[in-house]
Amino acid sequence: MWDTLQGLSTYIRSMLSTQALLGAIGVGEKSATVIGATFQWFLRDLTGMLGGILFTFYQGSNLDSNAKMWRLVADFMNDLGMLMDLVSPLFPSAFVAILCLGSLSRAFTGVASGATRAALTQHFALENNAADISAKEGSQETMATMIGMALGMLLAHITRGHPIAVWVSFLSLTMFHMYANYKAVRCLSLNTLNNERSSILLQYFMQNDKVLSPEEVSRREHVFPLWASWHGSSNVESLHRHVYVAVKVSSLKHSDMMELSRSASTHYKRAKYLLLERKGVVHVINHKEATPADILQSYLHALVLANLMGKTQSLHAESRVWMDGHYPVFIAKLKSAGWATERLLSPSIVWRADWVCSPSDEKIN
């Protein structure tokens with residue numbers, strides 16, 4: 001319902017912004033030339049294409065792990081792009097720059113919304129019917145588009161020649177659009193494990209010996225990009241900010257490498273990962289043969305280590321004891337609560353390491 005309402009708001013506003021943009025390009029003006037309008041439109045599209053490629057390069061690996069956040073960001077960027085179109089006639093000297101900024105903003109929207117739509121389609125495909133879900137979602141979007149376009153044309157006709165009415169209508173619909181998006185994202189109860197959801201689940205389990213349901217975790221997790229930075233490090237939700245996954249070994253100091261060498265033959269002899277604690281941050285080094293289950297285990301182990309910081313001097317030993325005694329139970333309870341425990345949704349695990357131990361338990365490589 002909320003997704004349909006925000007879609008209606010978008011298409012109604014698009015008629016107002018498109019009307020302003022076409023007027024700024026010169027539609028209806030005798031002095032306007034076809035080649036001038038074509039060139040400006042070309043620059044707009046070119047900027048959007050380049051922006052989409054760059055956005056995918058820098059943020060593509062984050063879209064799966066933070067689908068709810070990026071869904072919200074995508075719609076905000078779309079609102080920003082529409083605002084640029086509406087503002088463009090007010091600044092003729094900077095029209096091309098504003099036009100390109102609006103296109104850039106919508107390019108981010110296209111990449112982020114398309115990618116998160118795919119992730120959310122998988123979530124709704126309870127019977128592995130992703131194609132069916134996608135087709136029906138497309139039909140719902142088409143219906144919202146047709147109704148929104150009709151209402152948008154009516155609103156554009158009513159407000160024509162009344163700039164104050166245009167701005168009041170646009171800003172009111174934009175505020176409603178963001179509210180509807182927030183409510184839509186809050187309705188989602190994803191059962192996949194990402195960094196934040198894993199942090200919330202693990203610390204609650206360590207305190208209460210119980211596992212939260214996807215609905216309960218959904219009410220606790222953040223959906224705003226900068227929201228986590230407003231909280232102190234003692235908050236349960238911020239525990240994941242103390243863990244770095246898939247650290248590049250060559251970026252570590254020699255002393256860190258020596259400690260990893262000792263850890264490989266003691267605390268993590270049977271594990272496909274190594275953990276290193278430095279200045280309140282836990283670094284995770286994954287083995288090149290680590291499976292998705294191993295990566296999930298390494299991250300949860302790092303969260304246990306981060307939770308014990310400041311409470312004990314034997315971090316690695318006590319975290320190892322906790323993992324040996326409680327990790328299988330924790331995973332079993334997660335599965336029974338409906339969580340998908342096959343893998344950790346995290347930015348691409350690019351860096352891996354390789355190490356072997358000799359019979360004397362000394363690290364060779």
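Residues numbered from 1 in each chain as written. Predicted model: local features only at pLDDT ≥ 70, side-chain atom pairs only at ≥ 80, totals over all residues. Heavy atoms only, no water.

Looking at an unreviewed UniProt entry, the protein carries the name Protein root UVB sensitive 3 isoform X2, with the source organism given as Elaeis guineensis var. tenera. Taken directly from UniProt, the Sequence similarities (unreviewed entry) text for the protein runs: "Belongs to the RUS1 family." What UniProt records for the protein under Subcellular location (unreviewed entry) is the sentence "Membrane". (UniProt positions renumbered as here; feature names shortened; annotations may be inferred.)

A. Highlighting the overall build of the protein. In terms of regular secondary structure, the protein is built from 11 helices and 5 strands. Per-residue burial for the protein yields a buried fraction of 45% across its 365 residues. For the protein, the share of sequence-separated contacts (at least 6 apart) that also reach a separation of at least 24 residues comes to 75%. Summed over all atoms, the accessible surface of the protein reaches about 19200 Å², with 62% contributed by carbon and sulfur. (Helix = DSSP H or I, 4+ residues; strand = E, 2+ residues; numbered from the N terminus. Buried < 20%, exposed > 50% of the residue type's maximum accessible area, 1.4 Å probe, protein only. Contact = heavy atoms within 4.5 Å. Areas by Shrake-Rupley, 256 points an atom, 1.4 Å probe, with all protein chains shown as cover.)

B. Expanded view of the confidence of the model for the protein. In the predicted model, the protein carries a mean pLDDT of 82, and 88% of its residues have values of at least 70. Considering only residues more than four positions removed or in separate chains, one finds that residues 227–237, a stretch of pLDDT under 50, has 17 contacts. (pLDDT = per-residue confidence, 0-100.)

C. Quick peek at the pattern of salt bridges. For the structure on display, the rule yields 13 salt bridges. Three or more residues are tied together by salt bridges with common partners; here these are Lys-68, Arg-197 and Glu-221. (Salt bridge = Lys/Arg side-chain N within 4 Å of Asp/Glu carboxyl O.)

D. Structural view of the sheet that holds strand β3 (residues 273–278). The sheet built from 3 strands is open, its strands ordered β2-β4-β3 with mixed pairing. Only two strands of the sheet have a single neighbouring strand rather than two, namely β2 (243–244) and β3. Here β2 pairs with strand β4 (residues 281–286) via 2 bridges, running parallel. Following the sheet pairing, Tyr-244 is matched in β4 by His-283. (Pairing = 2+ DSSP bridges.)

E. Structural view of the environment of Leu-308. Locating Leu-308 in the fold gives a position in helix α10 (residues 292–308). In sequence terms Leu-308 and Ser-319 are 11 residues apart; their C-alpha atoms lie 7.6 Å from each other. Among all residues touching Leu-308, those that are not within four sequence positions of it are Leu-315, Glu-318 and Ser-319.

F. Broad picture of the nonpolar core. Ranked by size, the top nonpolar core spans 43 residues in total, and within it Leu-201, Val-243, Leu-275, Ile-285, Phe-330 and Leu-334 carry the most contacts. Mapped onto this core, the elements with two or more residues apiece are α7 (195–208), α9 (254–264), β3, β4, α10 and α11 (315–336). At 9 residues, the largest contribution of residues to this core is made by α10. The next biggest cluster of nonpolar side chains, apart from the first, holds 10 residues, and it includes Ile-12, Ala-20, Met-82 and Leu-173. (Core = buried A, V, L, I, M, F, W, Y, C linked by side-chain atoms within 4.5 Å.)

G. Seen up close, the packing of α7 against α11. Running from amino to carboxyl end, α7 crosses α11 at an angle of 115°, the nearest separation of the two axes being 11 Å. Crossing handedness for the pair α7 and α11: right-handed. Across from Leu-201, Leu-202, Phe-205 and Met-206 in α7, the residues of α11 making contact are Trp-322, His-326, Val-329, Phe-330, Lys-333 and Leu-334. Here the contact of α7 with α11 is composed, by residue class, of 8 nonpolar, 1 polar and 1 charged. (Axes fitted to C-alpha atoms, helices over the stretch in contact; angles between N-to-C directions. Left-handed = near helix turned anticlockwise from the far one by under 90°. Nonpolar A, V, L, I, M, F, W, Y, C, P; charged D, E, K, R; others polar.)

H. Main features of the UniProt feature "transmembrane region" (unreviewed entry) in the protein. In the numbering adopted here, UniProt assigns the feature "transmembrane region" (unreviewed entry) to residues 80–101 and 164–182. Across residues 80–101 one finds 68% helix and 0% strand; the C-alpha atoms that close the span lie 9 Å apart. Secondary structure across residues 164–182 comprises 100% helix and 0% strand; the distance between its end C-alpha atoms is 27 Å.

I. Quick look at the environment of Ala-332. Assignment of secondary structure puts Ala-332 in helix α11. Taking the relative accessible area as the measure of exposure, Ala-332 reaches 43% and is therefore partly exposed. Taking the C-alpha atoms as reference points, Ala-332 and Val-211, separated by 121 residues in sequence, lie 10.0 Å from one another.

J. Main features of the packing of aromatic side chains. Per the stated rule, a full pass over the model turns up 8 aromatic pairs. On the numbers, 6.4 Å between centres and 75° between planes, the contact of Trp-167 with Phe-170 is edge-to-face. Pair noted here: Trp-167 and Phe-170 are both in helix α6 (residues 163–187), with a separation of 3 residues, about one helical turn. A cation over a ring is seen here: Arg-13 above Phe-170, with NZ or CZ 5.7 Å from the ring centre. (Phe/Tyr/Trp six-rings, centres within 6.5 Å; stacked < 30°, edge-to-face > 60°. Lys NZ or Arg CZ within 6 Å of the ring centre and 35° of its normal.)

K. Here's a closer look at the side chain of Asn-307. Note that Asn-307 resides in helix α10. Taking the relative accessible area as the measure of exposure, Asn-307 reaches 11% and is therefore buried. At 3.5 Å, the side chain of Asn-307 and the side chain of Gln-203 are in polar contact. (Polar contact = N/O pair within 3.5 Å; in protein donor to acceptor, adjacent residues only side chain to side chain.)

L. Layout of a nonpolar patch on the surface. Judged by side-chain polarity, Met-143, Met-146, Ile-147, Leu-151, Leu-154 and Ile-158 come together as a nonpolar surface patch covering roughly 570 Å² of accessible area. We classify Met-143 as partly exposed; its relative accessible area is 45%. (Patch = residues over 30% accessible without salt bridge, like charges linked within 9 Å, V, L, I, M, F, W, Y side chains within 5 Å.)

M. Seen up close, the environment of Lys-335. Tracing the chain through its elements places Lys-335 in helix α11. Among the residues examined, Lys-335 registers a relative accessible area of 52% and is labelled exposed. On a C-alpha basis, the gap between Lys-335 and Val-211 in space is 9.8 Å, while along the polypeptide they are 124 residues apart.

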